[in-house]
Amino acid sequence: MGAAGMPQQGLRPEILAPAGNAEMLSAAVFSGADAVYLGFAGFNARRTAGNFTPETLPGAVAFCHARGVRVHAALNILIYESELDSLAAAIECAAKAGVDALIVDDLATAALAKRIAPGLALHGSTQMSIHTPEGACQLADMGFERAILARELSLAEIRQICRKSPIETEIFIHGAMCMAVSGQCMMSAFLGGRSGNRGACAGPCRLPFDASDLRPGQPGRACHLSLKDMDLIPYMADIMDAGVASVKIEGRLRPPEYAAAAVTACRLARAGQPYDEALVRDIFSRSGFTDGYFTNRNDGRMFGVRTEEDAARTRAAAPRARELFRREYSRVPVDLSLTVRGDGASLTAADREGHTGTVAAPAGEPLAAARTDPAPALEKSLRKTGGTPFAAENCTVAQQGGPWFLPGSAANELRRRALDALLEARSAPRPLETFSVRLPDFPRRAPAGPPRLAARFERADQMPPEAQALGCLIFPLAEAGRVPEALRPKTLLELPRVMFAPGGEETVRRRMQDAAAMRPAFAGFAANNLAQFRLAAGLGLPLYGGMGLNVTNPLSAQECGRLGARGLLIHPETPVSAMGRIGAGMPAAALCYGHIPLMLTRACPLKNRPDHASCAGCSHAGRLRDRKGKDFPVRCALPQNGVRTVYNPVPLYMGDRLRELPVDWAVAAFTIESKARAAQILAALQAARPFDGDFTRGLYYSEPTKG
């Protein structure tokens, strides 16, 4: 098959390697990767990697395609309206360079790609938080060809998705893991102004966040948000059996030796052969690896930090790893046809895709007649393709008027030149057809006054009586049965951002069906994952977009509207200056108060405490102490959706500046507050009073610069 198909020998899963820069790309390809993924044009989730530019991308693609290696370009960050023109140009550039797929997160990127380059495959980034069968099916409905699944899944969950998904699935097999579910983390953005959703994560989870029993104000020392790297290479047979189409090695910020070691291990494991496990560990680990999610062992053993001993092992292992890409892995099957005449010889190298390279070598003097059959020796010379991308499959030797004796050195030179000519033919550009797209003129919302106030509560018993007068209330789906009947017509039921609990997606589906049958009817559902557009179909209640859909621009909002959303909550990392045109034509909301959920995580940081090693008897509440002595609340919703939430201890507050929010609704989100505290804050919001303690404006007044 061609570069855009599955591996040359039809092997599955595809081995997908990181290419943070040109050197790493070369190492990944030379060690045998089937595909590489790379960052491009600044719109990718690893801004600090070397990445590729419009000038260097075509050469990188040609290098890979000549060797039968596919190229996936990552344009997987959240986009602001001011960047849409540049994003469109980046998509066009990627298509003209001939990349095989775009890895996308924002729905705006997907929408533009389908219009600009309809022949370009779309892969849903792990930032989309796809972790259920309906999520994969939703991507299929939207024209995606692959779903890159969340890293937190068990083998059984992966099997279920692969069995039901109409499109390819990709999983991470090796490398670093975010503590938070990808696409649902705001820690770096709110603590340091560098958004992971915008490709600029500062990695705050690697800093001390200590769950230990510390005295008040004592700085945290332990790193209880730092997960070990995952390593699922030992489970390659199970992954193949599950039906996974591609296994991804994380690590665009790592050195070339890391890519080569991981690629080689994956390639050997796929073939059922032993590999150097010690080298894989030594080239990079955080005191070992974890398979906790994959094997359903989510405990304290998942956590680890990088030590000096780990670094010393890496330095010692680097020379061994460099040997893995010193010579190029031979993978492209070729047929070699040699013709020998008395006055010289010619050789044609042909691949399976119709490319050929033909060279001739006139003899300085007439060739001598051979005394014995020269074909076996000549064929042996032709098959010496080691160190090139090519593997000789069929070699034929034709003698015209002979047999003639052709020196081995001459045959070797012909082979070298013919393969070079074939490589050049395979390097020819393969641009995809592109179309010019004119972005619509998104109108700016012109609110007549301050936005109306809505309130979201974690529990029904948290709501103070004063809240009942508000025009809109929001409760989690699990609270549906506890919402007073009189309030249902103005209550939205918030669907969970992730559905990891036992029975996960089916439990949510059943609860949605039960809630839709209640009378009087609820005002609708608030979707927080793409899967929920399918779950809500046919239930008869309106659907709105919640925080988990990560809407930061008007085109993404428009796409949510096409999917059925009647309104949406703008992502809280969106500056006020970028809000005005989002969702024009449908109700839009923004947070005006709340302890921002910095992390949504399936692993439990509290399990680093000896008294929390088991969930039995746990209060489902705790805290993490940072290195400055500040406590970050942790709450567990294990019975509802299988996740824990780490909250910002300092709330977002806009009560005294509500008029500056260019939205229809301002939402006060209550999570860890008591009923009495919720009443105080609602009163302050309604009176437009300043906050009575420490607070933050978040990123509302930051400049929407490119991630």
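Note: the structure precedes this text.
Keep in mind that what you see is a predicted model, and the values were worked out from it rather than measured.

**A few points about the overall build of the protein chain**
Inference 1: Scanning the protein chain from terminus to terminus reveals 18 helices and 28 strands.
Inference 2: Expected size for 707 residues packed as a compact globule is a radius of gyration near 27 Å; at 29 Å, the protein chain falls within 12% of this value.
Inference 3: Expressed along its principal axes, the backbone C-alpha trace of the protein chain runs to roughly 105 × 55 × 45 Å.
Inference 4: Nonlocal contacts in the protein chain, meaning residues at least 24 apart in sequence, comprise 71% of its contacts between residues at least 6 apart.
Inference 5: Split by element, the accessible area of the protein chain, about 26700 Å² in all, is 51% carbon and sulfur.

**Description of the packing of helix 1 (residues 22-30) against helix 9 (residues 256-270)**
Inference 1: At a closest axis distance of 8 Å, the pairing of helix 1 and helix 9 adopts a crossing angle of 20°. One finds that helix 1 runs roughly parallel with respect to helix 9. For the element pair helix 1 and helix 9, the recorded crossing hand is right-handed. Mapping the contact onto sequence places E23, M24, A27 and A28 in helix 1 and P256, Y258, A259, A260 and V263 in helix 9.
Inference 2: Residue classes in the contact of helix 1 with helix 9 are distributed as eight nonpolar, no polar and one charged.

**Overview of the sheet that holds strand 14 (residues 356-362)**
Inference 1: Strand order in this open sheet of four strands is 14-13-12-15, and the pairing throughout is mixed. Unpaired on one side and paired on the other, strand 14 and strand 15 (390-399) mark the two borders of the sheet. With direction set aside, neighbouring strand axes in the sheet form an average angle of 15°.
Inference 2: Both strand 13 (residues 344-350) and strand 14 contribute to a ladder of seven bridges, which runs antiparallel. Pairing of L347 across the sheet is with V359, part of strand 14.

**A look at helix 6 (residues 155-164)**
Inference 1: Three or more residues of helix 6 are buried, namely L155, E157, I158, I161 and C162. What you see down the axis of helix 6 is that its buried residues fit within an arc of 160°, all on one side. The exposed residues of helix 6 that point more than 90 degrees off its buried face are A156 and R163.
Inference 2: Looking at the buried side of helix 6, the elements it contacts are helix 5 (133-141), strand 7 (168-175) and helix 8 (236-242).

**Details of the nonpolar core**
Inference 1: Judged by nonpolar contacts, the single largest core of 204 residues is most densely connected at L102, F457, C592 and L661.
Inference 2: Apart from residues no more than four positions distant in its own chain, F457 is found in contact with Q462, M463, P464, A467, L473, I474, F475, P476, F670, A678 and L682.
Inference 3: A66, L367, A392 and W404 belong to the second largest nonpolar core, which has 24 residues in total.

**Comments concerning helix 1**
Inference 1: Of the residues making up helix 1, those classed as buried are M24, L25, A27, A28, V29 and F30.
Inference 2: In the core, the buried residues of helix 1 are packed alongside strand 1 (14-18), strand 2 (35-39), helix 2 (57-65) and helix 9.
Inference 3: Capping the start of helix 1 is the job of one residue whose side-chain oxygen sits 3.2 Å from the backbone nitrogen of E23: N21.

**A short note on the packing of aromatic side chains**
Each pair of aromatic rings is reported with the distance of its centres and the angle of its planes.
Inference 1: Scanning the entire structure with this criterion turns up 10 aromatic pairs.
Inference 2: Ring geometry for F30 versus F63: centroids 6.2 Å apart, planes at 15°, classification stacked. Of this pair, F30 sits in helix 1 while F63 sits in helix 2; the two residues are 33 residues apart in sequence, bridging distant segments of the chain.
Inference 3: Between Y235 and F294, the aromatic rings sit 5.1 Å apart at their centres with planes inclined by 45°, giving tilted as the arrangement. Placement of the pair is Y235 in the loop between strand 9 (229-231) and helix 8 and F294 in the loop between strand 11 (289-290) and helix 11 (308-322), with a sequence separation of 59 residues.
Inference 4: Among the aromatic side chains, those forming a connected cluster through ring pairs are F457, F475, Y593, Y653, F670, F691 and F695.

**Quick look at the environment of L598**
Inference 1: Tracing the sequence through the fold places L598 in strand 23 (residues 597-601).
Inference 2: Sequence separation between L598 and A349 is 249 residues; the distance between their C-alpha atoms is 57 Å.
Inference 3: With residues up to four places along the chain from it excluded, the contact list for L598 reads Q184, C185, M186, M187, F190, L191, F632, V646, Y647 and N648.

**Things to note about the pattern of salt bridges**
Inference 1: For the coordinates displayed, the defined rule picks out 46 salt bridges.
Inference 2: For R352, the salt bridge identified is with D335, shortest N-O distance 3.2 Å. Of this pair, R352 sits in the loop between strand 13 and strand 14 while D335 is found in strand 12 (residues 332-341), placing the two residues 17 residues apart along the sequence.
Inference 3: The closest approach of N and O atoms between R482 and E479, which form a salt bridge, is 2.9 Å.
Inference 4: Within the structure, one salt-bridge network assembled from shared partners comprises E14, R70, R146, E168, E170 and K248.

**As for the environment of F284**
Inference 1: If you trace the backbone, F284 turns up in the loop between helix 10 (277-283) and strand 11.
Inference 2: Residues F284 and F442, spaced 158 residues apart in sequence, show a C-alpha to C-alpha distance of 47 Å.
Inference 3: Ignoring anything within four residues of it in the chain, the contact list for F284 reads D229, R254, Y258, F289, R306 and T314.

**What to know about the sheet that holds strand 25 (residues 631-636)**
Within a beta sheet, neighbouring strands are joined by backbone hydrogen bonds and run either parallel or antiparallel to one another.
Inference 1: Taken in spatial order, the five strands of this open sheet run 8-24-25-26-23, and their pairing is antiparallel. Unpaired on one side and paired on the other, strand 8 (209-210) and strand 23 mark the two borders of the sheet.
Inference 2: With two bridges connecting them, strand 8 and strand 24 (residues 621-626) associate as antiparallel partners. By the bridge assignment for strand 24, F209 is matched with D626.

**Some words on the packing of helix 3 (residues 84-97) against helix 4 (residues 107-116)**
Inference 1: The interhelical angle for the contact between helix 3 and helix 4, taken along N-to-C directions, is 50°, at an axis separation of 10 Å. As the angle between them shows, helix 3 and helix 4 are arranged oblique. Crossing angle aside, the handedness with which helix 3 passes helix 4 is right-handed. The segment helix 3 lies against helix 4, with L84, L87, A88, I91 and E92 engaging A108, T109, L112, A113 and I116.
Inference 2: Partitioned by chemical class, the residues of the contact of helix 3 with helix 4 number eight nonpolar, one polar and one charged.

Thresholds applied
- Residues numbered from 1 in each chain as written.
- Predicted model: local features only at pLDDT ≥ 70, side-chain atom pairs only at ≥ 80, totals over all residues.
- Heavy atoms only, no water.
- Helix = DSSP H or I, 4+ residues; strand = E, 2+ residues; numbered from the N terminus.
- Rg over C-alpha atoms; globule rule 2.2 N^0.38 Å.
- Contact = heavy atoms within 4.5 Å.
- Areas by Shrake-Rupley, 256 points an atom, 1.4 Å probe, with all protein chains shown as cover.
- Axes fitted to C-alpha atoms, helices over the stretch in contact; angles between N-to-C directions.
- Parallel < 35°, antiparallel > 145°, perpendicular 65-115°, else oblique.
- Left-handed = near helix turned anticlockwise from the far one by under 90°.
- Nonpolar A, V, L, I, M, F, W, Y, C, P; charged D, E, K, R; others polar.
- Pairing = 2+ DSSP bridges.
- Buried < 20%, exposed > 50% of the residue type's maximum accessible area, 1.4 Å probe, protein only.
- Arc of directions from axis to C-beta.
- Core = buried A, V, L, I, M, F, W, Y, C linked by side-chain atoms within 4.5 Å.
- Polar contact = N/O pair within 3.5 Å; in protein donor to acceptor, adjacent residues only side chain to side chain.
- Phe/Tyr/Trp six-rings, centres within 6.5 Å; stacked < 30°, edge-to-face > 60°.
- Salt bridge = Lys/Arg side-chain N within 4 Å of Asp/Glu carboxyl O.

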